[in-house]
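Per-entry structural report
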Amino acid sequence: MKKNLLIVFFLLIFLEVTAVYAENPRVQCGNGTVTIKMLVPSTNVRCLTVMNSEKAAEGKSLTEARISSAAVVIDDYKVEGKFSPEVTAFSMNGLSNVNSEIYQKAVDLTTMINKINGGEGINAVTAPIPFLPYQDKTQLFVAMPEIINFISGTAIRFITAYGDSGAMVDNGNLLYTVQGISQDGKYYLSITIPISNSQIASPINPAGFDWNSLPAESWKPSLAELDEMAKSVSLQ
């Protein structure tokens, strides 16, 4: 019996090692309610989970709410002082059990995604785009929106930044994000990756800036690389 247990133990170690060292390994992270499976362009990843949802206390920032979720954190994309580079899946049930303002984001995104899938396509996308995790600051702009069809749902990819209303933006607050809903309506997908552009040398007014004029190769990380990662996501 002990010998069989040892064989199983070493087999598990082998399987984990082959996954870690494979090119663009497929990783999995779950909390018992929702599980993410995806390809990542990095082996430097962690799995973070929140088991139960908990409302933000009355009078406190809504950012303090805890929502049932599983998140793949990609540490190679980490930038000090910016959004954590995460691919997060929230359960809709978990969202419904926290503050109503947070759950409303999921309701509003579901409405937008339904319009996209109902035939309106990119024309259904209007700013501000619903976004989680909840932010106290303002969504300053929406640039380069695209529809992303990930393995188990539909999402909107865009470039944005958060700050005080009317604030300028620069490489210190630019964000690549994907916000989506699973086909069965059970899960909310949020991808947040800090991003920068070599053509942006000083703060700019996002409202009057031609984002589409920026060369594809000027983005870091590559938008194409991030889009492919997003398309590989499966939620269950």
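Structure's up top.
This write-up is about the structure you can find in this document. (Residues numbered from 1 in each chain as written. Predicted model: local features only at pLDDT ≥ 70, side-chain atom pairs only at ≥ 80, totals over all residues. Heavy atoms only, no water.)

Secondary-structure assignment places Asp227 in helix α4 (residues 223–231). Exposure remark for Asp227: the relative accessible area of 8% places this residue in the buried category. Those residues in contact with Asp227 that lie beyond four places of it in its chain are Glu146, Ile148, Arg157 and Tyr176. (Helix = DSSP H or I, 4+ residues; strand = E, 2+ residues; numbered from the N terminus. Buried < 20%, exposed > 50% of the residue type's maximum accessible area, 1.4 Å probe, protein only. Contact = heavy atoms within 4.5 Å.)

Now for the packing of aromatic side chains. What the rule picks out here adds up to seven aromatic pairs. Where Phe209 meets Trp211, the ring centres are 4.8 Å apart and the plane angle is 70 degrees; that geometry is what we call edge-to-face. Here the aromatic rings of Trp211 and Trp219 are separated by 6.5 Å at their centres, their planes lie at 20 degrees, and the arrangement is stacked. We note that Trp211, like Trp219, is buried. Three or more aromatic residues joined by ring pairs form one cluster here, namely Phe141, Phe209, Trp211 and Trp219. (Phe/Tyr/Trp six-rings, centres within 6.5 Å; stacked < 30°, edge-to-face > 60°.)

Attention shifts here to the pattern of salt bridges. Counted under the stated rule, the structure contains five salt bridges. Note that Arg157 and Asp227 form a salt bridge whose closest N and O atoms lie 2.8 Å from each other. Here Arg157, found in strand β8 (residues 153–160), pairs with Asp227, found in helix α4; they are 70 residues apart in sequence, far enough to count as distant. A single burial state applies to Arg157 and to Asp227, both of which are buried. Here the salt bridges share partners, and the residues they tie into one network are Glu146, Arg157 and Asp227. (Salt bridge = Lys/Arg side-chain N within 4 Å of Asp/Glu carboxyl O.)

This brings us to the sheet that holds strand β1 (residues 26–30). Taken together, three strands build an open sheet; the order of strands is β1-β2-β14 and the sheet is antiparallel. Each edge of the sheet is formed by a strand with only one pairing partner; in this case those strands are β1 and β14 (234–235). Sheet analysis places strand β2 (residues 35–39) next to β14, joined by two bridges and oriented antiparallel. Residue pairing for β14: Lys37 is matched across the bridge by Ser234. (Pairing = 2+ DSSP bridges.)

Let us now look at the sheet that holds strand β5 (residues 86–91). Here we have seven strands laid out as an open sheet, ordered β3-β4-β5-β11-β10-β8-β7, and antiparallel in their pairing. Two strands in the sheet have a free side with no partner beyond their single neighbour: β3 (45–50) and β7 (143–150). Taking each pair of neighbouring strands and ignoring which way they run, the sheet shows an average axis angle of 15 degrees. For β8 and strand β10 (residues 175–182), the ladder comprises eight bridges, and the chain directions are antiparallel. By the bridge assignment for β10, Thr160 is matched with Leu175. Sheet strands touched by helix α3 (residues 100–120): β7, β8, β10 and β11 (187–194). Its angle to β8, the strand with the most contacts, is close to 110 degrees. Its contacts with the sheet put α4 on β4 (69–74), β5, β7, β8, β10 and β11, and the angle it makes with β7 is roughly 30 degrees. (Axes fitted to C-alpha atoms, helices over the stretch in contact; angles between N-to-C directions.)

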